[in-house]
Amino acid sequence: MQSLLGIETSCDETGVAIFRPGHGIVAELVYTQADHAAFGGVVPELASRDHVRKLPAMIREVLEQAGLRARELSGVAYTAGPGLAGALLVGASVGVGLARAASLPAIAVHHMEGHLLSPLLEARPPRFPFVALLVSGGHTMLVDVRGVGRYRLLGETLDDAAGEAFDKTARLLGLGFPGGPEVARLAEHGDPERFDFPRPMVNRPGLDFSFSGLKTHTRQLVGRTGPVDHADIAAGFERAVVDTLVIKCRRALRETRYGQLVIAGGVSANQRLRAALDTALPGQVYYPRPELCTDNGAMIAHAGWHRRHEGKTDGQIAVRPRWPLEELRAPGRSEVGGR
Ligand code: KG4
Ligand code: ZN
């Protein structure tokens, strides 16, 4: 029986899961570090330390949940990048160490490929080719996806990522971290029409994004209004981000002539984004269940299975804090056994 362990430690979520082809995710745990809220952002040193503290017990627990011993796995997949160097090193060291001890291949996974492929875990998966909108705390990208590892970047953000814009707006509004869910919650009580927000870059051709202007606009609004207006600001901001993303997604589908859009990454958990895309592109939108949108081990175990033939047994620990998605290639078979 084939089962892959997946380990995610690229930022402030410690995620561990076991994927079994034909069965899907058979065991899963995510621990979200809470200490960062007090600092209004992720503190790399704290994140690494917390991963070290949590990871070993979490791995033991998912193995127990799945009724497996480490030796019975067929590989260990871990996030090798992009992400925080120290945090990545924890997952990579533990993953490669465990693989070596149990004589298993260790598979280095690209975090954004994990997100990108996560809708394939759902009951109604998309089929290749499709357009993927990847919206997380560090990335905003539109990608032409012809298959696993066959990615062409169509557009990306020129400044802040969509999730980062949510996080910064939350801070301006005195809300907690991560900001996306907080802004969305406050926006429920707000009037998105009351304040005029720009729709950055929509009148320019192309598929790039820019969110830093929205943040500046929010800062000015917060400066000349009071706390009673914050819900309206949150709603106006969220509407502007959602509208911008919807316009670019429609354009990307038109340009590629594809009929399917996949959205993934933390911001894809946003209910108003999902609803707006479903309305604009009925029947064409695929997304992971909400708990698979934010960082988790399941997407890493699953992506690792697609790259199972690239596993290494040489015990080398290497992470890539910066790792462009376009550098990935279709899965190869060359490195099994560390040769
Ligand atoms: O994918 P993810 O968990 O981590 C990264 O790879 O960055 O994404 C985290 C980002 C954060 O910026 C967070 O504020 C945002 O996703 N986010 C949301 C929502 N849930 C998480 N943004 C908007 N609406 C949400 N419901
Ligand atoms: Zn992520």
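Fair warning: this is a prediction, and the values are worked out from it, not measured in the lab.

**Some details on the packing of aromatic side chains**
Then comes step 1: On inspection of all chains with the given rule, the structure shows four aromatic pairs.
Then comes step 2: Ring geometry for Phe-128 versus Phe-130: centroids 5.3 Å apart, planes at 20 degrees, classification stacked.
Then comes step 3: Here the guanidinium or amino end of Lys-248 rests over the ring plane of Phe-209, the centre of that ring lying 5.5 Å away.
Then comes step 4: In this structure, Arg-274 is placed above the aromatic ring of Tyr-287, and the distance from its NZ or CZ to the ring centre is 4.1 Å.

**Description of the pattern of salt bridges**
Then comes step 1: Scanning the entire structure with this criterion turns up 17 salt bridges.
Then comes step 2: With a shortest N-O distance of 3.0 Å, Asp-160 and Lys-215 are connected by a salt bridge. Of this pair, Asp-160 sits in the loop between β8 (150-156) and α4 (162-172) while Lys-215 sits in helix α6 (residues 212-223), placing them 55 residues apart in sequence.
Then comes step 3: Overall, the relative accessible area of 7% leaves Asp-160 in the buried class.
Then comes step 4: Given the relative accessible area of 13%, Lys-215 is considered buried.
Then comes step 5: Ionic pairing is found between Glu-164 and Lys-168, a salt bridge with its closest N-O pair at 3.4 Å. Highlighted residues: Glu-164 and Lys-168, both in helix α4, separated by four residues, approximately one helical turn.
Then comes step 6: Classification of Lys-168 by relative accessible area gives partly exposed; the value is 25%.
Then comes step 7: Each of the salt bridges in this network shares a partner with another, and the network as a whole consists of Asp-160, Glu-164, Lys-168 and Lys-215.

**Overview of the nonpolar core**
Then comes step 1: In this structure, Leu-5, Ile-18, Leu-116, Leu-134, Tyr-151 and Leu-325 are the most contacted members of the largest nonpolar core, which totals 55 residues.
Then comes step 2: Residue contributions to this core reach at least three from each of two domains, namely domain 1 (4-116 + 292-327) and domain 2 (127-287).
Then comes step 3: With near-sequence residues (within four places) excluded, Leu-325 lies in contact with His-110, Met-112, Glu-113, Leu-116, Leu-134, Met-141, Val-143 and Tyr-151.

**So, the domain arrangement of the protein chain**
Then comes step 1: With domains assigned, the protein chain is organised as domain 1 (4-116 + 292-327) and domain 2 (127-287).
Then comes step 2: The C-alpha-based centres of domain 1 and domain 2 are spaced at 27 Å.
Then comes step 3: Of all residues in domain 1, Met-112, Leu-116 and Cys-293 bury the most surface against domain 2, accounting for 39% of the area lost on that side.
Then comes step 4: At the boundary of domain 1 and domain 2, one finds zero salt bridges.
Then comes step 5: Applying the counting rule to domain 1 against domain 2 returns two residue pairs in polar contact (both at pLDDT 80 or more).
Then comes step 6: Per-element tally for the side of domain 1 that touches domain 2: the top contributor is helix α3 (residues 111-117), with four residues.

**A word on the pairing of strand β7 (residues 140-147)**
Then comes step 1: With seven of eight residues buried, β7 lies mostly within the body of the structure.
Then comes step 2: The pairing of strand β6 (residues 130-135) with β7 spans six bridges and is antiparallel. Residue pairing in the sheet places Val-131 in a bridge with Asp-144 of β7.
Then comes step 3: What sits between the antiparallel neighbours β6 and β7 is a turn of four residues.
Then comes step 4: By the bridge criterion, six bridges tie β7 to β8 in an arrangement that is antiparallel. Looking across to β8, one finds that Gly-147 is bridged to Arg-150.
Then comes step 5: Counted along the chain from β7 to the antiparallel partner β8, the turn is two residues long, and its residue Gly-149 has a positive phi close to 75 degrees.

**Description of the packing of helix α1 (residues 44-66) against helix α2 (residues 85-101)**
Then comes step 1: Interhelical geometry of α1 versus α2 gives an angle of 30 degrees and a closest axis separation of 9 Å. By the angle between their axes, α1 is roughly parallel relative to α2. Read as a crossing pair, α1 and α2 show a hand that is right-handed. Of the residues in α2, those touching α1 at Ser-48, His-51, Val-52, Leu-55 and Ile-59 are Gly-86, Ala-87, Val-90, Gly-91, Val-94 and Leu-98.
Then comes step 2: Classifying every residue of the contact of α1 with α2 gives seven nonpolar, four polar and no charged.

Each value, and the rule that gives it
Residues numbered from 1 in each chain as written. Chains lettered and ligands numbered in written order. Predicted model: local features only at pLDDT ≥ 70, side-chain atom pairs only at ≥ 80, totals over all residues. Heavy atoms only, no water. Phe/Tyr/Trp six-rings, centres within 6.5 Å; stacked < 30°, edge-to-face > 60°. Lys NZ or Arg CZ within 6 Å of the ring centre and 35° of its normal. Salt bridge = Lys/Arg side-chain N within 4 Å of Asp/Glu carboxyl O. Helix = DSSP H or I, 4+ residues; strand = E, 2+ residues; numbered from the N terminus. Buried < 20%, exposed > 50% of the residue type's maximum accessible area, 1.4 Å probe, protein only. Core = buried A, V, L, I, M, F, W, Y, C linked by side-chain atoms within 4.5 Å. Domains from an automatic or database assignment. Contact = heavy atoms within 4.5 Å. Buried area = accessible area lost by both parts, 1.4 Å probe. Polar contact = N/O pair within 3.5 Å; in protein donor to acceptor, adjacent residues only side chain to side chain. Pairing = 2+ DSSP bridges. Axes fitted to C-alpha atoms, helices over the stretch in contact; angles between N-to-C directions. Parallel < 35°, antiparallel > 145°, perpendicular 65-115°, else oblique. Left-handed = near helix turned anticlockwise from the far one by under 90°. Nonpolar A, V, L, I, M, F, W, Y, C, P; charged D, E, K, R; others polar.

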